Amino acid sequence: MRKKVMLSLLVAFLLGVLSQPLLAQPDTVAASGVTIVSSFRPTLKQASKINFSAMSLTADTNRSVLPYRIPDRQLVLDYSIRAIQPLAYTTDTVKPFSNRSFVKVGYGNLRNPYLRVGIEGGNGGTKGFSLSGRYLSLTQHPDAKDMRYYRNGEVKASGYTQLKRASYKLLSSVEYRNERVNNNLLYDSARSLSAFPKDSLRQEFSLLHAQVQLLSTAPVGSGITLNPLVRVYQFFDAKKNAETYLQLQAPLQKQIGDSWWVQTVFSVQALRYKHQNTLLSITPSVRYQHSSFQVWAGVSPTWNTGRFAALPQLAVTYALPGKKSSLMAGWNGRWNQNSYRELASLNPWIWAPTALRTSRITERYLGVKGQVNSQMDYDLRAQLLTTEDAPLFLNDTSHSPASAFRVIYEERLEQLQLQARIAYRIATQFSFSSQLLFTYFFKPRVQPVAWGLLPLEWQSSFRLALTDELWLQSDLVIFKGAHYRDRNNKIARSAGAADLNAGLTFAISRSFQVWAQFNNLFNQPYQRWNLNPVVGFNCSGGIVFSFDQKKKP
């Protein structure tokens, strides 16, 4: 038993000794996880920065030409010399002060008071208004039969406002004017002054005028621009001859692309003077504009109290190399209703017309205009005018006073006109303009000559700032006399004339100015209309007070 116990202990000892090397062997079962077998650590290399280098631009030989139209800055001169108001009394063409709210008063040697008032308000953008008025008169009667007298009074109110929620600006104006002038009796020695009725010695004209217009500030639907106009006036004289005029006009325009425009003008003109005269016209046209070429072409179907005519509308402009000069050519037709108002404004010594005829005028012209430099521009053209039913002014030798005129009509009168205009300006310090108009009348059918129309007119004016406070202005008019009929019913021509005027304006302060005007410096009582001479040398002067003058920055 004892031997079995010893043998068991020996076996247990041997097993314990032999098991030690077995426990020291490595574990062959791989453990879970990542076993690092090297010191290499993988990384992403930083990408190299891309450097962009600008390439040299190639020269572009195809230059895009953007058309830019410079407004015509020419001075628009009235070709007619209005004997009812000699040019000597045009004293307000230049104002050294810019604010229109002012009062201007003066007096002259021919007992001629002068008053002019202007008031302006608004913000200058979306709304504004202006009120103006003028009164002047002159009287010269060295003897009982020389009763040269003139009076002019006028009042005008105008305003504008931007319509809300619409791209239109509403413009409106109303005006009243009254003019009086005497028939001259100096050369009518056959009758005494008391032998004439009072109403036959004095011509008096009154005008009441109103106008409303919608001016488009941006194209409306479909890119169409619409500017409707309504105009009405009533003109009457002291002998109860009245004329009423109504005009409705609606021009529509649409731009197509960058170079094309389509336009249509609807117009209705109704004139009432002893009979009704209605002029209806529709003028569709198309205009193409390029950097050096522009053409406007259309036709105007017109109905005038039973007469129909399709009048041409064509104008072409081509810019010469250098683009400082342009050739012009055109062929246009139009109607002129020859209203009593228009005839009386040209010749205030007319008898009231017994009837009015509408003239049909066709104009063909060719010329050149351009700029010599930034200060000087010019316009030269020759045109041929053909007028059917042209109004002429024939002095009436069969009635007294013999200084009055009758309106007669020539069936067909052709005129060859040569026009030349030049203008030069240096900022606001100096400006000069001159315009020459030569007219040759030929091929009359009924009348032997063009009664009362001038064959030559030359008008020049300049403005000069001698200092910041002193301004000088001057106007010169030269013309060749028109044909008239003498007492023996023979054709005669009145003498030509030259009228030189000068004026000064001196600014004492921002609110006060002193002005002086010297008229007819040659002291020549010339006759634009036969037996109706204007006054000789005269002068006037006064002060100007302007309101709300802002300080200069």
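Right, let's walk through the structure included here. (Residues numbered from 1 in each chain as written. Predicted model: local features only at pLDDT ≥ 70, side-chain atom pairs only at ≥ 80, totals over all residues. Heavy atoms only, no water.)

**Quick notes on the overall build of the protein chain**
For the record, the criterion: Each helix is a run of H or I in the DSSP string that is no shorter than four residues. Each strand is a run of E no shorter than two, and both are numbered from the N terminus. Burial classes: relative accessible area under 20% of the type maximum marks a residue as buried, over 50% as exposed, and values in between as partly exposed (1.4 Å probe, protein chains only). Pairs of residues are marked as contacts when any of their non-hydrogen atoms sit within 4.5 Å. Using a 1.4 Å probe, accessible areas were evaluated by the Shrake-Rupley method; residue-level cover was limited to the displayed protein chains.
Each helix and strand counted, the protein chain has three helices and 25 strands in total. Counting over 553 residues, the protein chain shows a buried share of 39%. Intrachain contacts of the protein chain at a sequence separation of at least 6 include 55% that bridge at least 24 residues. By element, 61% of the accessible surface of the protein chain is carried by carbon and sulfur atoms, the whole surface being about 32,500 Å².

**Brief notes about the pattern of salt bridges**
Formally: We define a salt bridge as a contact between a side-chain nitrogen of Lys or Arg and a carboxyl oxygen of Asp or Glu at a distance within 4 Å.
Using the criterion set out here, one finds 13 salt bridges in the structure. Of the charged contacts in the structure, one is a salt bridge between Arg177 and Glu154, with a shortest N-O distance of 3.5 Å. Of this pair, Arg177 sits in strand 5 (residues 168–182) while Glu154 sits in strand 4 (residues 148–162), placing them 23 residues apart in sequence. A residue is classified by how much of its surface remains accessible, and Glu154, at 23% relative accessible area, is partly exposed. As a salt-bridge pair, Asp389 and Arg357 come within 3.5 Å of each other at their nearest N and O atoms. On the criterion of sequence distance, the pair formed by Asp389 in strand 16 (residues 376–395) and Arg357 in the loop between helix 3 (340–346) and strand 15 (359–371) is long-range, its members being 32 residues apart. For Arg357, a relative accessible area of 40% gives the class partly exposed. Beyond isolated ion pairs, a larger network of salt bridges with shared partners links Glu154, Glu175 and Arg177.

**Focus: a nonpolar patch on the surface**
Worth spelling out the cut-off: Here a patch means residues that are over 30% exposed by relative accessible area and free of salt bridges, tied together within 9 Å if like-charged and within 5 Å if nonpolar (Val, Leu, Ile, Met, Phe, Trp, Tyr).
Together, Val212, Val230, Val232, Leu246, Leu248, Val268, Leu280, Trp303 and Phe308 give the surface a local cluster of nonpolar side chains, amounting to about 710 Å² of exposed area. Elements with a minimum of two residues in the nonpolar patch: strand 8 (229–237) and strand 9 (242–256). As for its position among the elements, Val212 is in strand 6 (residues 202–216). Under the relative-accessibility criterion, Val212 is labelled partly exposed at 40%.

**Some points on unusual backbone geometry**
Backbone geometry places Asn338, a non-glycine residue, at a positive phi of 50 degrees. Position of Asn338 relative to the elements: it lies in the loop between strand 14 (325–336) and helix 3. Overall, Asn338 belongs to the buried group, its relative accessible area being 3%. A positive phi is found at Ala427, a non-glycine position, where the angle reads about 50 degrees. Of note, Ala427 is situated in the loop between strand 17 (405–426) and strand 18 (430–442). Residue classification places Ala427 among the exposed residues on the basis of a relative accessible area of 69%.

**Some thoughts on the packing of aromatic side chains**
Two numbers describe a pair of aromatic rings. These are the distance of the centres and the angle of the planes. So the rule is basically this: Stacked, tilted and edge-to-face are the three classes assigned to paired rings of Phe, Tyr and Trp, where Trp is represented by its six-membered ring and a pair needs centres within 6.5 Å; plane angles under 30 degrees give stacked, over 60 edge-to-face, the rest tilted. Placement of a positive charge over a ring is assigned whenever Lys NZ or Arg CZ falls within 6 Å of the ring centre and within 35 degrees of the normal to the ring plane.
Taken as a whole and assessed by the stated rule, the structure comprises 16 aromatic pairs. Cluster of aromatic residues (ring-pair linked, three or more members): Phe205, Phe235, Tyr273 and Tyr340. A cation over an aromatic ring shows up here: Arg287 above the ring of Trp261, its NZ or CZ 4.3 Å from the ring centre. Sitting over the ring of Tyr233, Arg341 keeps its end group 4.9 Å from the ring centre.

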